[in-house]
Amino acid sequence: MDRVLKDLEPKLVLEYFEDLTRIPRGSGNEDQVCDYLIKFAEKNGFSWHKDHMKNLLIRVPATPGYEDHPTVIVQGHTDMVCEKNADTVHDFEKDPIKMEIEGDKIIAKETTLGADDGIGIALAMAIASDKTIPHPPLELVCTSDEERGMTGVEAFDTSLLKGRILINLDATDEGVFVVGCAGGPVVRVEIPIAYEKAPQGYAPIHIKITGLKGGHSGEDIHRGRANSIKLISRIINDIGRNMPYKMAEITGGLKYNAIPREAQAILLVPNDTKEKAIDIAKKMTENFAREYYSIENDLLVTAEEINKTYETVLTDISATKIMDFITLAQCGIVRMNHQLEGVVESSVSLGVINLEGDKAVIQTMTRSSSESMYMDMYYNIERLAQNVGAKTFIMSNCPEWEYNPHSAIKNVFESTFEEIFNKKPKFLVLHAGLECGVFAKKIPEYVDMIAAGPDLRDLHTPGEYIIISSLQRFWQFFKEVFKKL
Ligand SMILES: [Zn+2]
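Note that the structure is a prediction, hence the values are computed from the model and not measured. (Residues numbered from 1 in each chain as written. Predicted model: local features only at pLDDT ≥ 70, side-chain atom pairs only at ≥ 80, totals over all residues. Heavy atoms only, no water.)

S.K.: Which parts of the structure should I look at to understand the pairing of strand β18 (residues 359-368)?
M.R.: The side chains of a regular strand alternate between both faces of the sheet. Within β18, 8 of the 10 residues are buried, which leaves it mostly tucked inside the rest of the structure. Bridge count for strand β9 (residues 184-192) against β18 is 7 bridges, and the pairing is antiparallel. If you follow Arg188 over to β18, its bridge partner there is Gln363. In this sheet, β18 lies alongside strand β17 (residues 344-356) in antiparallel orientation, the contact comprising 10 bridges. Bridging from a neighbouring strand, Asn354 pairs with Val361 of β18. Linkage of β17 to β18, two consecutive antiparallel strands, is achieved through a turn of 2 residues, within which Gly357 is found at a positive phi near 65°. (Buried < 20%, exposed > 50% of the residue type's maximum accessible area, 1.4 Å probe, protein only. Helix = DSSP H or I, 4+ residues; strand = E, 2+ residues; numbered from the N terminus. Pairing = 2+ DSSP bridges.)

Here is the structure:
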């Protein structure tokens, strides 16, 4: 098979990356990529250790003159997200990724490219094996199963590591170094509900919200996008201020970690008020259009009478509990980071609401780079839940990586970047989870960490690409960093 990237710089990095694109490595399927990395280690005379989760640790001795420098952990994840276009024939269990060069891009048009985080692994391999680059002792940590919830790194035995400096290569903006990340629990709230016989003389009104932008509930929370569950609660509350209603259905959102894009409810209102109920929903639509002008241009609210008979509806107490919870629950940015301008520190998002038998189930997610803040948001959810007779369950808990303004590795990255590019880099506390949080939690001593990488775009979707010139600049910078460690 012809090598697509053979003439492109940086050669060694792209040679390793191209090898990686030929190895099937969807989450959970990392054995072959481990074999490849073990071969690489043995060829270079590096010792290695593989665990039952397919995490791989490769120990790289220092280059001459760097033997007594502190060990540096260089980390990336070997697995990738496997997505393809609906009409694309591609077997992620055995087919190599088809990629091409298009202008300044290395792109896979029909599938994901796996630059996330293949490029991180390739960069680590190149630093370790390029004989011209001086570096301290390195521990390459290649983790598995990051994309399905970081279960690889969770199981990794960090007591094997000597290093207390860690460079994570899973960041995707050149010149923006990640110096912290958010953690926080995903919380499931179960509100007990009961049904009663539907009243006579009522008409069912179907209210539906669609067309919202949605997005990641952490990384997109600062964009001010509408939350469909919050919007529908406002319509229902406004109807409730004007007439009695019975709730038959309510549902919204698909994922706990996404801003919900759609929501719908069916309310039964007295026949002689149904026009008014529909009018109220329409009036609210005008308010939303004004409030979200230029943010949510495709927002659509529909309200119409439907031709369906409901035998039962929620009791008033049940409907009130649900409405109290979704109306009063905190949602959106809670606090900005006071040390890094424009960076969100804490947020919480209502993700999903569904009626499941005798419960209304709500999934909500808290995020903060400060543990005390995400616990405070959690306690708020718990308290509100108790007030409506609901139970809360912590479904998973992602650990935070707290920002340290005095980080030494941050200073090295900053000064090296300035020397080479004559400008200051940006620093970001990611409002999402990163494997660094798990290392911070599992290693008892302080670990000085930073995350970096070249520009990668459209991750996790077909059409994922690397910006070649950005990778070239990043490589120039990255090599320089190791001389100073
Ligand atoms: Zn990644």
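Further notes follow.
S.K.: Quick question: what am I supposed to make of the sheet that holds strand β23 (residues 465-467) here?
M.R.: Read across the sheet, 4 strands follow the order β4-β5-β23-β22 without closing on themselves; strand pairing throughout is antiparallel. Strand pairing shows two members of the sheet lacking a second neighbour, β4 (100-102) and β22 (456-457), which therefore form its edges. With respect to the sheet, helix α11 (residues 468-483) is in contact with β4, β5 (105-107) and β23, its orientation differing from that of β23 by roughly 60°. (Contact = heavy atoms within 4.5 Å. Axes fitted to C-alpha atoms, helices over the stretch in contact; angles between N-to-C directions.)

S.K.: When you look at the packing of helix α1 (residues 11-21) against helix α3 (residues 115-129) in this model, what are you seeing that I'm missing?
M.R.: To characterise two packed helices, one gives the angle between the axes of the helices and the distance between these axes. At a minimum axis separation of 8 Å, α1 and α3 run at an interaxial angle of 135°. Here α3 runs oblique to α1, going by the angle between their axes. Once α1 is placed against α3, the crossing between them reads as right-handed. Across the interface between the two elements, Leu12, Val13, Leu14, Tyr16, Phe17 and Leu20 of α1 pack against Ala115, Gly118, Ile119, Ile121, Ala122, Leu123, Met125, Ala126 and Ser129 of α3. Looking at the contact of α1 with α3 residue by residue, the class counts come to 13 nonpolar, 2 polar and no charged. (Parallel < 35°, antiparallel > 145°, perpendicular 65-115°, else oblique. Left-handed = near helix turned anticlockwise from the far one by under 90°. Nonpolar A, V, L, I, M, F, W, Y, C, P; charged D, E, K, R; others polar.)

S.K.: Where do I start with the coordination of the zinc ion in this structure?
M.R.: Ideal geometry at a metal centre gives angles of 109.5 degrees when four donors are arranged tetrahedrally and 90 or 180 degrees when six donors are arranged octahedrally. Coordination of the zinc ion by the protein involves His77 (NE2), Asp116 (OD), Asp170 (OD) and Asp170 (OD), with metal-donor separations of 2.0 to 2.7 Å. Considering all 4 donor atoms around the zinc ion, the spread of angles at the metal, 52 to 144°, places the coordination shape in the irregular class. Read from N- to C-terminus, the donor residues coordinating the zinc ion fall into the pattern H-x38-D-x53-D. You can see His77 sitting in strand β3 (residues 72-77) and its partner Asp170 sitting in the loop between β7 (165-168) and β8 (176-181), a full 93 residues away along the chain. Assigned by exposure class, His77 and Asp170 land together as buried. (Donors = N, O, S within 2.8 Å, 3.2 Å for Na, K, Ca; no water. Tetrahedral: all angles 85-135°; square planar, octahedral: opposite > 155°, others 65-115°.)

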